[in-house]
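Listed below, chain by chain, are the residues.
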Amino acid sequence: MSLRHNILLVFCILPFANALYKQWIPDTNFENATNWDKGSIPCGSDQVVFLAQREISVYVETAHTITGMSLPMDGELILVSGAGFSVQESGDPSCGSGVTAEFKDCESLHWFDPSLWVAATTFDDLHQGTYQFSVHEESVPCQFDDVVFREATSFRVDISSNDVCSVKSVSVLGKKFTSSSELSQYFSSPSGKLQFHGSSSLSVGGPGCSDVTGCICDNSRNRDKICANVICKSLDCKNPLQPVGHCCSVCGAVVNIQFTSNFNFELYRQRLQHLFLSLHKYESIQLAMSKVSKEQRLLGVIPFGATQEIQVLLLDQNKGQDVGKLAEALARDIVKDVHNQGSNLGINSAEFQASSGASSSEVAGNSAGVVAGAVLGSLVVLALLAIVYVLYHRGIVKMPRLPSIPSLSNWKNNIDIGELGGPLDHGFDNPMFDKSTMLPCEPGLYGTETMNSISLTQSGVHFVNPVYDESDFNA
Ligand SMILES: *[C@@H]1O[C@H](CO)[C@@H](O)[C@H](O)[C@H]1NC(C)=O
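First, a word on what this report is: a plain description of the structure on this page. Note that the structure is a prediction, hence the values are computed from the model and not measured.

### Some points on the site of the ligand
The environment of the ligand is made up of Ile-25, Pro-26, Asp-27, Asn-32, Thr-34 and Arg-150. Side-chain polar atom of Asn-32 to an oxygen atom of the ligand: 2.3 Å apart, as the coordinates give it. One of the side-chain nitrogen or oxygen atoms of Arg-150 is found 3.0 Å away from an oxygen atom of the ligand. Expressed as a share of its isolated accessible area of 360 Å², the protein-covered part of the ligand is 48%. Grouping the constituent residues of the shell around the ligand by class yields two nonpolar, two polar and two charged.

Written out as structure tokens, the structure reads:
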């Protein structure tokens, strides 16, 4: 008894990775007012019309009185016990004079439309309406997801696709299919034929996601089909971001996390939920967390492999000038949390880009981080020494009279500040510049920040060590 309790507890504490329940939103229920062209369920004086050429499976839960009904050529009414229709030609006085109520067309509702799915971590969350926000590609079912068509509903979904779409399971009318042969048997049944249409094969019985660090949703191969259903909004921000797996550029922030084998995807998602999203100020933020594969490019051109990282997309509801500000604040908090707790969470490092143009890269506060910081720091010092040497060599800077550090006033007198943006900037090899060209060339994601790492201003030498926040230096 107590052993069983312990096992249950372990399962609660260590949930499995990022497999989700994805539930189809639309239904073809008679009692759903949104399915009728008049926006209300037909009443006693109404004439009910189903488009003749359409195939449809309609779920009816209660008894209805109507004045007449025209049925489609191929269709079915699924009547639960007690449901049915009685025709009363005189009509129902409480329903008014009566209208012709037409069932809306649902031919074009496509499996690959991300707006037609909701996602939840558990079946309970699905029932309670505790949904997860996802990037577009992951809003539609991934290979390791459980697909749910709500119990007590019928539906019609276009599953047209060129290749096999595989998921872990599909539940229809409360029955869960985990074997492809059972499912194809259902597809050839009268209801199955009306509910699923389009040429495609849907396969179930996949293994699900067993990697606690998370699994990559393989929907990038369906990207065109998914994004064809998405209309992108016009954006107000300076540097819109292009998150992996999303169809549109966004205003907000993206945190990229380098993880180790100790990382637990679901636990970290819950951490973000409890630590940040439950705070009143961050309530309105949408957070989409996914494991993504990033192509690595040598010198920004030659691909030489891919790395996996965790992407956290943050969107806020702010408008105009303030759009993305709240998301950016949360991104800073998340990076700070990684800085403090990263080694306990199985995280090596985290960095963020915000649509305001701000970005950071921060190494987690472990010994490796300190070493990396020290190395970067000395490289910056070396680079500065190199500048001084080059300037001295070209006779632009004279050796200061004092044997100590060159004074800034001497610099100011002898250097034409305006020329510094020119050839001198390229006069030495700054390893940090190389680093920035190693990163994928997505302008939104990696701003020009690193290119401006060192600058000479009227007030002196100013450099931004990417290990630290720029604001720390300006303070
Ligand atoms: C009715 O259908 C709409 C859209 O198809 C859906 O969002 C809504 O949840 C349905 N209503 C009920 C009561 O199921």
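### Some remarks on the environment of Ser-115
Inspection of the secondary structure assignment puts Ser-115 in the loop between strand E8 (100-102) and strand E9 (117-120). Sequence-wise, Ser-115 and Val-230 are 115 residues apart; in three dimensions their C-alpha atoms are separated by 8.0 Å. Among the polar contacts made by the side chain of Ser-115, one reaches the side chain of Asp-113 at a distance of 2.8 Å.

### Some remarks on the packing of aromatic side chains
The tally for this structure, following the rule as stated, stands at 17 aromatic pairs. Between Trp-111 and Trp-117, the aromatic rings sit 5.0 Å apart at their centres with planes inclined by 75°, giving edge-to-face as the arrangement. For the residue pair Trp-111 and Trp-117, the accessibility class agrees, reading buried in each case. Considering the side-chain rings of Phe-263 and Tyr-268, the 5.6 Å spacing of their centres and the 55° angle between planes classify their relative orientation as tilted. Note on accessibility: Phe-263 and Tyr-268 belong to one class, buried. Ring-pair connections join several aromatic residues into one group, and the members of that group are Trp-24, Trp-111, Trp-117, Phe-149, Phe-155, Phe-187 and Phe-196. Above the ring of Phe-177, the side-chain terminus of Lys-175 is found at 4.9 Å from the ring centroid. Above the plane of the ring of Phe-112 lies Lys-225, whose end atom (NZ or CZ) is 4.8 Å from the centre.

About the cut-offs
- Residues numbered from 1 in each chain as written.
- Predicted model: local features only at pLDDT ≥ 70, side-chain atom pairs only at ≥ 80, totals over all residues.
- Heavy atoms only, no water.
- Near = heavy atom within 4 Å.
- Polar contact = N/O pair within 3.5 Å; in protein donor to acceptor, adjacent residues only side chain to side chain.
- Areas by Shrake-Rupley, 256 points an atom, 1.4 Å probe, with all protein chains shown as cover.
- Nonpolar A, V, L, I, M, F, W, Y, C, P; charged D, E, K, R; others polar.
- Helix = DSSP H or I, 4+ residues; strand = E, 2+ residues; numbered from the N terminus.
- Phe/Tyr/Trp six-rings, centres within 6.5 Å; stacked < 30°, edge-to-face > 60°.
- Buried < 20%, exposed > 50% of the residue type's maximum accessible area, 1.4 Å probe, protein only.
- Lys NZ or Arg CZ within 6 Å of the ring centre and 35° of its normal.

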